[in-house]
Amino acid sequence: MTTQAPRSWRAGALRRVGSATAAIAIGALVLSGCSSSSSPEGGGDAAKDIVNLVTPAQPESLDPQISTDSIMGEITGPIFETLVTADADLQVQPMLAEKYEVSDDALEYTFTLREGVKFQDGSDLDADDVVASMNRWTRVSVAAQEAFAGSEWTKVDDTTVKLTVTSPSFLHLLYLSQVSTAYPAILPTEVLDKVGDGPIEDVADIIGTGPYKLTEWDADQKVVIEKWDEYQSRTEPSSGRAGAKDATITEVVFNFVPDASTRTLGLQSGQYDATTELPFDSLDQFKDDENIVLDTYMVGPINLVYSDDASSPFSNVVNRQAINTGLDRDPIMLSAVGSKDLYDLVHHNMTLGQKSIWDTEVGKADFNTVDVAKAKEMLAEGGYTGEPVTVLANKDYSEAYNAAVVVVEQLKGMGVDATLDAYEWGAFSEKYRERRSEWDLVVFPFGTELDPTQTIGFLPTRAGYFDGPELQALLTKFRSAPTQAEASALFDDMQSWIEETRPMSRIGDAHNVYAANKDLDPAWFDGHFMWWNAKWKN
């Protein structure tokens, strides 16, 4: 993969380490700080190999095939496994499959399963589980519904399954190997028979084949996963999400703490051992802390999404283009992350770390022009007459909330009567997805996606999906590209659609800061801690 040039931040030198998804380029920065405890008596009990992680938001669901919450992927990644996965070099490798073959016409994929693999309920993994899991995933996953439309998974024998697709596509193995959100986890047939295509709600039904099992979900408080002693690991050297998985940490506790200051104090006192979401405005408090290691990573874009509800002035594309013309992105991102070294401005839908495969000049010349006068003229042309406008925001993620505050002020500068409406994650998520008539714009922290079809403008269940023959022809052409190179060549057309319809305005790409006790060796970080192979040093 291609990573960004190392950036200088504060007094530390950055190093870049590998990523298991094409989306993330991780920069590591070691700082000193003021944590009061790094001993086994701290947040995690090193003697018992327990880690206490703190995070700002809990998931709505732990269903790996349906949920699009990033925290879901963080929690369930060690619980569930997939047929194939990606190694540290982003190459597809078998996981639950022993091997796989692709037909010459790329219309059939045959997977031979590993023998002796068990689920955490003690049942054996077989072809029936895989077929049931994968056919459900193609129906319920936001990513799979389009990329695998018309496909079918069938059983060849007890240890062999076949995927038949309608046309070749570079997306097939790409999606099958990703473990982030709405991913192709393999579950027992008994669970799938029980839940059907509805979300898994019973904690007892969160059953995978991975090295950790779910043991507790205390709503609004914590989720606990524990080492599963019967796990059957692969034997190849560990690489990214591929190869051997050695569960040394016996228990990981995900503590849900929305308040940023409480998370900060908990890290300083040793109550918590790690976080993937260190509040940006608390970084100075760790400046002289010798017991905390801070690393930075590119987490994903912050976007301004426009409501497509007919009652909103932004159902008119002229008004959407007007706001895009007047936005000044640097002050917004500085407020979001606190440093010019912790964000990128990228004019298209993908990220700077994906430049080797997703890059275009389309839209670059008109990006971030900061023309407020022209924005006012366009709003008048679009029929905006000063009616109140609601900007929806999320309180739990400080970078998105802080960005929204500045967006509201900039909207007022364009003559828009804007008001901020902020909620904690659960209420925010419901309102964003299901109640578009109650907001006009939303500042949303997105994860980094594998391909453009998973971004705003191309998602049928999200705001900004302006369906019609032109869009469907574009999506069909893109998804049918047999190779990554051919798909990359079509990125100009995909970005042109965004520029013309303006479903959202890209604000900037935020780099998050994660922190860990200096005695905790996470082994591998990919936007989340990978708890297998992690260990306490002392």
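Look up a bit, the structure's there.
Residues numbered from 1 in each chain as written. Predicted model: local features only at pLDDT ≥ 70, side-chain atom pairs only at ≥ 80, totals over all residues. Heavy atoms only, no water.

A. The overall build of the protein, seen in detail. Within the protein one finds 14 helices and 23 strands. Taking 2.2 N^0.38 as the reference for a compact globule, 538 residues should give roughly 24 Å; the C-alpha atoms of the protein span a radius of gyration of 23 Å, in line with that estimate. Its C-alpha atoms give the protein principal-axis dimensions of roughly 70 × 60 × 40 Å. Split into buried and exposed, the 538 residues of the protein put 58% on the buried side. (Helix = DSSP H or I, 4+ residues; strand = E, 2+ residues; numbered from the N terminus. Rg over C-alpha atoms; globule rule 2.2 N^0.38 Å. Buried < 20%, exposed > 50% of the residue type's maximum accessible area, 1.4 Å probe, protein only.)

B. Local environment of the pairing of strand β4 (residues 50–55). Extensive coverage of β4 is indicated by the burial of six of its six residues. With burial as the criterion, each face of β4 is covered, one bearing I50, N52 and V54 and the other bearing V51, L53 and T55. Pairing of β4 with strand β13 (residues 251–256), which is carried by six bridges, proceeds in the parallel orientation. Following the sheet pairing, V51 is matched in β13 by V252. (Pairing = 2+ DSSP bridges.)

C. Examining the pairing of strand β7 (residues 97–102) more closely. Sheet analysis places β7 next to strand β8 (residues 108–113), joined by five bridges and oriented antiparallel. When the bridges of β8 are listed, Y100 appears paired with F111. Hairpin connection from β7 to β8: five residues lie between these consecutive antiparallel strands, with A106 at a positive phi of about 60 degrees.

D. Region of interest: helix α8 (residues 329–337). When we look at burial in α8, the residues that qualify are R329, I332, M333, A336 and V337. One face of α8 carries all of its buried residues, which in axial projection span an arc of 105 degrees. For α8, the secondary structure elements touched by its buried residues are β16 (292–306), α7 (317–326), β17 (343–344), α10 (398–413) and β21 (504–517). Looking one or two residues past α8, G338 carries a phi angle of roughly 85 degrees, positive in sign. (Arc of directions from axis to C-beta. Contact = heavy atoms within 4.5 Å.)

E. Local environment of the sheet that holds strand β10 (residues 160–164). The four strands are arranged β7-β8-β10-β9 in an open sheet whose pairing can be described as antiparallel. Single-partner strands in this sheet number two, and they are β7 and β9 (152–157). This sheet shows a mean twist of 20 degrees between the axes of neighbouring strands, independent of strand direction. Running at roughly 175 degrees to β9, helix α2 (residues 127–140) makes contact with β8, β9 and β10 of the sheet. (Axes fitted to C-alpha atoms, helices over the stretch in contact; angles between N-to-C directions.)

That's the geometry; what it means functionally is another story.
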